[in-house]
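The residues making up each chain are set out below.
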Amino acid sequence: MIGYRDFTRARYVACSVLAIALSGCSTSDAPLPVVASGPEPSSINDETLAAACSAAALQNVASVLGQGVSVKAIPNGATVPGGARFYASTATTPAFCQAVGSFVTNPATGKTANFMATFPANWNGKYMQVGCSGHCGQFFVSDPAMPTIVITSQGKPMDAITKGYAIFATDEGHTGMAGGTWAVKPSGEVDEDAIEDFYYRADKVLSKMGKDFTKAFYGSLRNRPQSIAYSYFNGCSGGGRDALVAASLFPEAFDGIIAGSPYNTSGGAFQFAGVPIASLRSPAAQVTPALVSLIQPIVMAQCDKLDGVQDGLIQNPAACNFRPERDLPICKPGQASGTCFTKEQVETVSTLISAVTDERGAVVQPGLAVSELQGTSFITPKRPADLSAAEPFPGSDNGDVANNGYWPLADAMLKVFVHDNDRNFHTRSVVSFASGGTGQVSNFHIVVPGSEVALLRRKAFSGIGHRPEGFDNLLKSRTRLLIWHNLSDNVLTPYASTNLYNQLASRHGGYAKVQQSVRLFGLPGTPHCSMGGIGPNTFDAIGAMEKWVENGRAPDALMATLYPVNGFGVKDFSKAPGRTMPLCKYPAMARYKGAGDVNDGANWECPANDRRMLEIGESGRQAGVIGPKI
């Protein structure tokens with residue numbers, strides 16, 4: 001692995017991870033049969049690559065593309081000063097060149113987005129585009145030379161570079177970690193150009209520019225025209241949203257798409273707004289990390305055995321029957337706080353694990369899974385003196401996700417993107433709460449107007465990947481989609497992915513039909529983008545996709561391994577790994593064979609025709625889990 005040799009790069013890793021934890025036909029130049037890849041092209045030597053890795057040399061290559069590409073230093077590209085940086089080969093990694101700069105996304109207006117390109121010496125003839133995180137604006141999780149790449153891309157650091165991929169990423173047209181202030185002009189008007197770049201356009205334009213740049217760059221080094229054999233997209237969280245949007249709007253751009261724990265912009269904003277507002281209902285409604293720690297032992301005692309073995313891992317949290325109002329200890333008069341919950345605190349917990357609905361009871365956004373709940377899910381910006389203030393968290397959209405939680409993303413989505421930064425609109429105004437009512441959700445939960453849901457889905461259409469009808473073209477094509485989701489995701493509910501998959505099965509005639517093109521895998525006992533957890537949090541997603549696309553071997557099971565994480569939630573592969581376990585294609589669930597160490601994946605199997613992940617208990621019903629209608 002590359003050493004991180006200067007202070008700027010080290011500080012970049014530490015600060016960024018704290019801010020991220022949100023964190024048709026083949027697209028080759030000619031039709032290719034589904035066969036194994038041939039031998040990799042010969043590697044370019046260090047001296048030749050180093051000579052080509054300057055901003056001036058790269059600009060000469062880019063100038064022939066005719067796509068407004070400028071190789072230069074960029075504000076959010078501190079790891080590549082001056083626009084280009086060469087890394088010499090080591091005993092374990094090939095030499096590679098990184099470049100940053102801008103490219104035009106809208107020729108009519110001149111709008112640009114920034115990019116990062118990585119060109120390895122051992123190019124394998126393939127292209128990889130990496131998604132971003134949150135509302136983007138940075139390259140913290142999309143720089144393949146950084147250890148933080150494992151947040152958005154399953155596998156180990158440097159995997160894609162070592163494999164020989166040309167890799168591109170974009171900041172989606174703006175800089176910084178803020179949720180939406182970047183989309184507001186000094187006049188107060190919204191920048192629709194910037195929003196369109198974020199929703200989809202920057203990634204779509206990059207999918208062409210990146211491939212053209214790759215062919216031109218290696219063509220200049222090898223003195224002959226080059227082609228792209230296969231192209232892939234890979235991302236988690238906001239990058240998972242990027243992946244699903246690509247799968248919906250331009251699947252022809254990629255042969256394979258990997259979407260991890262994808263951000264559902266059509267419903268997530270309401271949940272990100274509702275939970276913080278629930279904590280403001282009274283001084284006794286805020287849930288502390290100490291209280292959250294009381295929940296997991298109760299849930300584990302109820303749910304651990306549901307998969308047939310008591311091993312400290314809940315494979316299907318939707319099958320649990322946990323009810324917070326019934327199962328959490330309620331404070332008695334005079335009882336010390338910190339060991340029990342007030343009624344209002346129980347209700348706040350309920351808003352997190354229960355679905356957001358509209359006034360008719362229709363599910364808008366599923367709740368989080370009950371397994372391994374974390375205190376980070378309840379983080380809000382600084383509590384206001386006036387708990388009833390129309391604008392409770394002014395100035396919180398400053399990019400500090402670690403201290404402000406996800407309210408800034410909700411406020412950006414609803415107030416800025418949907419309501420055009422209307423000063424008379426307040427995000428809080430669309431949030432209310434209810435118990436009972438019509439529909440499957442009867443717990444205390446967040447309720448939002450159906451008219452607001454419809455408005456968001458209309459105005460943010462091009463930025464929403466969770467639309468079952470959006471995958472019709474992909475399912476008719478040769479493009480393959482692999483979705484994975486952390487089943488104890490503390491930010492983005494796994495049920496958004498399972499609901500989407502169940503809807504696809506209903507729409508297209510069952511799981512067998514959908515599985516020809518789209519497969520879903522859940523990672524039990526793991527938090528958002530596998531940043532820790534008690535379950536296996538790492539698997540070779542790129543390798544699985546390569547086998548599917550290039551060899552026609554669709555994945556039925558993926559062996560996963562648990563690796564510890566450092567203080568920033570980044571997996572530490574220098575430490576001894578923990579348990580292993582197969583991840584089964586949904587709706588199958590791994591089954592213990594009945595003998596041997598439960599921590600050894602060899603003692604588990606994925607039974608044929610298993611559908612146990614479709615079992616829904618009270619926890620799943622209240623969370624808004626929707627089964628297939630087939």
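Residues numbered from 1 in each chain as written. Predicted model: local features only at pLDDT ≥ 70, side-chain atom pairs only at ≥ 80, totals over all residues. Heavy atoms only, no water.

Novice: Any chance you could explain the pattern of salt bridges here in plain terms?
Specialist: Between side chains of opposite charge, a pair can form when the charged atoms approach closely. One pass over the structure, following the stated rule, counts 27 salt bridges. Salt-bridge contacts for Lys208 lead to Asp212; the nearest nitrogen and oxygen are separated by 2.7 Å. A residue pair is termed a helical-turn pair when its members lie 3 or 4 positions apart in one helix, as Lys208 and Asp212 do in helix H6 (residues 192-222) at four residues. Among the salt bridges present, the one from Glu391 reaches Lys415, with a minimum N-O distance of 3.7 Å. Here Glu391 is found in the loop between strand E10 (363-365) and helix H13 (401-404), whereas its partner Lys415 is found in helix H14 (residues 407-418), with 24 residues between them in sequence. With a relative accessible area of 29%, Glu391 lands in the partly exposed category. Bridged by salt links that share partners, the residues Lys111, Asp193, Asp197 and Arg201 form one connected network. (Salt bridge = Lys/Arg side-chain N within 4 Å of Asp/Glu carboxyl O. Helix = DSSP H or I, 4+ residues; strand = E, 2+ residues; numbered from the N terminus. Buried < 20%, exposed > 50% of the residue type's maximum accessible area, 1.4 Å probe, protein only.)

Novice: Just to check I follow, could you spell out the side chain of Gln515 for this structure?
Specialist: Looking at the secondary structure, you find Gln515 in the loop between helix H18 (511-514) and strand E14 (518-523). Note on Gln515: relative accessible area 10%, which makes it buried. Beyond its immediate chain neighbours, meaning those up to four positions away, Gln515 contacts Tyr501, Trp548, Lys585, Tyr586 and Pro587. (Contact = heavy atoms within 4.5 Å.)

Novice: Looking at this structure, I do not really get the confidence of the model for the protein. What am I missing?
Specialist: In regions of low pLDDT, the predicted coordinates are not meant to be interpreted in detail. Summary statistics for the protein give a mean pLDDT of 93 and a share of 93% for residues scoring 70 or more. This stretch, residues 1-21, has a pLDDT under 50; its non-local contacts, to residues over four places away or in other chains, come to 52 contacts. Segment residues 23-40: pLDDT under 50, and 48 contacts once partners within four positions in sequence are set aside and those in other chains are kept. (pLDDT = per-residue confidence, 0-100.)

Novice: Sorry, what's going on with the packing of aromatic side chains here?
Specialist: The way to describe two aromatic rings as a pair is by their centre distance and the angle between their planes. Counted under the stated rule, the structure contains 29 aromatic pairs. Each ring, one from Tyr87 and one from Phe96, has its centre 4.5 Å from the other, and the planes form 15 degrees; the classification is stacked. Exposure class is identical for Tyr87 and Phe96. Each is buried. Aromatic rings pair up to connect Phe103, Phe115, Phe119, Trp123, Tyr127, Phe168, Phe213, Phe217 and Tyr218 into one cluster. (Phe/Tyr/Trp six-rings, centres within 6.5 Å; stacked < 30°, edge-to-face > 60°.)

Novice: What is the right way to look at the environment of Asp600 in this model?
Specialist: By secondary structure assignment, the location of Asp600 is in the loop between strand E17 (591-592) and strand E18 (604-605). Using a relative accessible area of 34% as the deciding quantity, one classes Asp600 as partly exposed. Sequence separation between Asp600 and Thr561 is 39 residues; the distance between their C-alpha atoms is 9.5 Å. For Asp600, the side chain forms a polar contact with the main-chain nitrogen of Ala602, separated by 3.0 Å. (Polar contact = N/O pair within 3.5 Å; in protein donor to acceptor, adjacent residues only side chain to side chain.)

Novice: What's the story with the environment of His174 in this structure? I'm lost.
Specialist: With respect to the element layout, His174 can be found in the loop between strand E6 (166-170) and H6. In this structure His174 comes out as buried when scored by relative accessible area, which is 7%. As a C-alpha pair, His174 and His135 span 39 residues in sequence and 9.5 Å in three-dimensional space. Ignoring sequence-local partners within four residues, the contact set of His174 consists of Asn76, His135, Cys136, Gly137, Trp182 and Phe198. A polar contact is formed between the side chain of His174 and the side chain of Trp182, at a distance of 3.4 Å.

Novice: Honestly, the state of the cysteines in this entry has me stumped. Any pointers?
Specialist: Between two cysteines, a covalent bond joining their sulfur atoms is known as a disulfide. A full pass over the atoms with the stated rule returns six disulfides. What pairs with Cys331 in a disulfide is Cys340, and their sulfur atoms sit 2.0 Å apart. One disulfide, between Cys331 and Cys340, carries an S-S torsion of 100 degrees and so falls in the right-handed class. Taking relative accessible area as the criterion, Cys340 reaches 1% and is therefore assigned buried. Across the disulfide from Cys584 sits Cys606; the S-S distance is 2.1 Å. In this structure the cystine formed by Cys584 and Cys606 twists about its S-S bond by roughly -85 degrees; its chirality is therefore left-handed. Of this pair, Cys584 sits in strand E16 (residues 580-584) while Cys606 is found in the loop between E18 and helix H20 (618-622), placing the two residues 22 residues apart along the sequence. Here Cys606 falls in the partly exposed class, since its relative accessible area comes to 27%. Disulfide partners in the protein, listed by the sequence order of the bonded cysteines, are 1-2, 3-4, 5-10, 6-7, 8-9, 11-12. (Disulfide = S-S within 2.5 Å.)

Novice: Quick question: what am I supposed to make of H6 here?
Specialist: Residue pairs three or four apart in sequence face the same way in an α-helix, which turns once every 3.6 residues. For H6, spanning 31 residues, the distance from its first C-alpha to its last is 42 Å, which sits close to the expected 45 Å at 1.5 Å a residue. Its axis deflected by about 70 degrees at Phe198, H6 carries its strongest bend there. Among the 31 residues of H6, 23 are classified as buried, and the element is accordingly described as predominantly covered. Sitting at the amino-terminal end of H6 is Asp191, which places a side-chain oxygen 3.2 Å from the backbone nitrogen of Asp193. Once H6 finishes, Asn223 follows within two positions and takes phi at roughly 55 degrees, a positive value. (Expected span 1.5 Å × (residues − 1). Bend = angle between axes of the 7 residues up to and from the residue.)

Novice: Sorry, what's going on with the nonpolar core here?
Specialist: One broad rule of soluble globular proteins: the nonpolar side chains tend to lie buried together. By size, the foremost hydrophobic cluster in this structure holds 64 residues, and its most contacted members are Trp182, Phe270, Phe272, Ile295, Val349, Phe417 and Leu456. Those elements giving two or more residues to this core turn out to be H6, helix H8 (268-278), helix H9 (289-292), helix H10 (295-303), helix H12 (343-353), H14 and helix H15 (450-459). Tallying contributions element by element places H14 first for this core, with nine residues. In this structure Leu456 touches Thr265, Ser266, Ala269, Phe270, Met413, Leu414, Val418, Phe461 and Ile464, once residues within four positions along its chain are discounted. Ranked by size, the runner-up nonpolar core spans 60 residues in total, among them Ala117, Ala259, Ile483 and Val514. (Core = buried A, V, L, I, M, F, W, Y, C linked by side-chain atoms within 4.5 Å.)

Novice: Explain the environment of Gln226 to me, please; I cannot follow it from the model alone.
Specialist: Its location among the elements puts Gln226 in the loop between H6 and strand E7 (230-236). Between the C-alpha atoms of Gln226 and Lys547, which are 321 residues apart in sequence, the distance is 23 Å. Here Gln226 is in contact with Trp123, Lys215, Tyr218 and Gly219, once residues within four sequence places are set aside. At a separation of 3.2 Å, a polar atom in the side chain of Gln226 contacts the main-chain carbonyl oxygen of Arg224.

Novice: Sorry, what's going on with the pairing of strand E5 (residues 126-130) here?
Specialist: Looking along a regular strand, one sees side chains alternate from face to face of the sheet. Counting buried positions along E5 yields five of five residues, so the element is predominantly enclosed. Residue alternation in E5 divides its side chains into two sets, Lys126, Met128 and Val130 and Tyr127 and Gln129, and both sets are buried. Where E5 lies against E7, five bridges are found, and the strand directions are parallel. Of the residues in E7, the one forming a bridge with Lys126 is Tyr230. For E5 and E6, the ladder comprises four bridges, and the chain directions are parallel. (Pairing = 2+ DSSP bridges.)

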